[in-house]
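Next come the chains, spelled out residue by residue.
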Amino acid sequence: MDPTTPQVACFEAGIKFGSLYHQFAGTPVSPDSADSLAAAIEEAIENQPHCESVTVEVREAPLREAIAAAGADYTELTGRFLDVSMTIDYEGCVVETSMAMEDGYPLMQVDSVSE
């Protein structure tokens, strides 16, 4: 059985999240570079097929806390510093997704699917 259009659209969303997370995890980030890094992530992921929009917000309070605890000027980017939303449009099926911290883990999820 072939996958349905909504199933393929959700799969595409998963591909984008995998790429976003694993491509940028470990990137050096500081409060001064957070906005430009967020913009670079958005632009990179939006290049992928079926990706209509990406919004990345760096959670500055946890970022500043991690830097202070390490006694450095920067830290490595991880999911705990990001809030992300994406819109995927595959053949008219629109999938809204998000990633946010839940119970100490960066949870990626499908928020809605509409045809």
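Structural data are supplied above this passage.
Residues numbered from 1 in each chain as written. Predicted model: local features only at pLDDT ≥ 70, side-chain atom pairs only at ≥ 80, totals over all residues. Heavy atoms only, no water.

Between its terminal C-alpha atoms helix α2 (residues 34-46) stretches 18 Å, which fits the 18 Å expected from 13 residues at 1.5 Å a residue. Contact partners of the buried residues in α2: α1 (5-24), β1 (28-29), β2 (51-58), α3 (60-70) and β4 (82-90). (Helix = DSSP H or I, 4+ residues; strand = E, 2+ residues; numbered from the N terminus. Expected span 1.5 Å × (residues − 1). Contact = heavy atoms within 4.5 Å.)

Take the sheet that holds strand β5 (residues 93-102) next. Strand order across the open sheet formed by 4 strands is β2-β4-β5-β6, with antiparallel pairing between neighbours. Looking at strand neighbours, the two that pair on one side only are β2 and β6 (105-114), the edges of this open sheet. Neighbour to neighbour, the strand axes of the sheet diverge by 15° on average, direction disregarded. Summarising the sheet, β4 and β5 pair through 7 bridges and their orientation is antiparallel. Directly across from T87, in β5, lies its bridge partner E96. Its contacts with the sheet put α1 on β2, β4, β5 and β6, and the angle it makes with β4 is roughly 145°. In this fold α2 packs onto β2 and β4, with an angle of close to 160° to the strand it touches most, β2. (Pairing = 2+ DSSP bridges. Axes fitted to C-alpha atoms, helices over the stretch in contact; angles between N-to-C directions.)

Turning next to unusual backbone geometry. One non-glycine residue, H50, lies in positive phi territory at about 70°. Along the chain, H50 falls in the loop between α2 and β2. Of the residues examined, H50 reaches a relative accessible area of 31% and is grouped as partly exposed. The phi dihedral of D103 is positive, around 55°, even though this residue is not glycine. (Buried < 20%, exposed > 50% of the residue type's maximum accessible area, 1.4 Å probe, protein only.)

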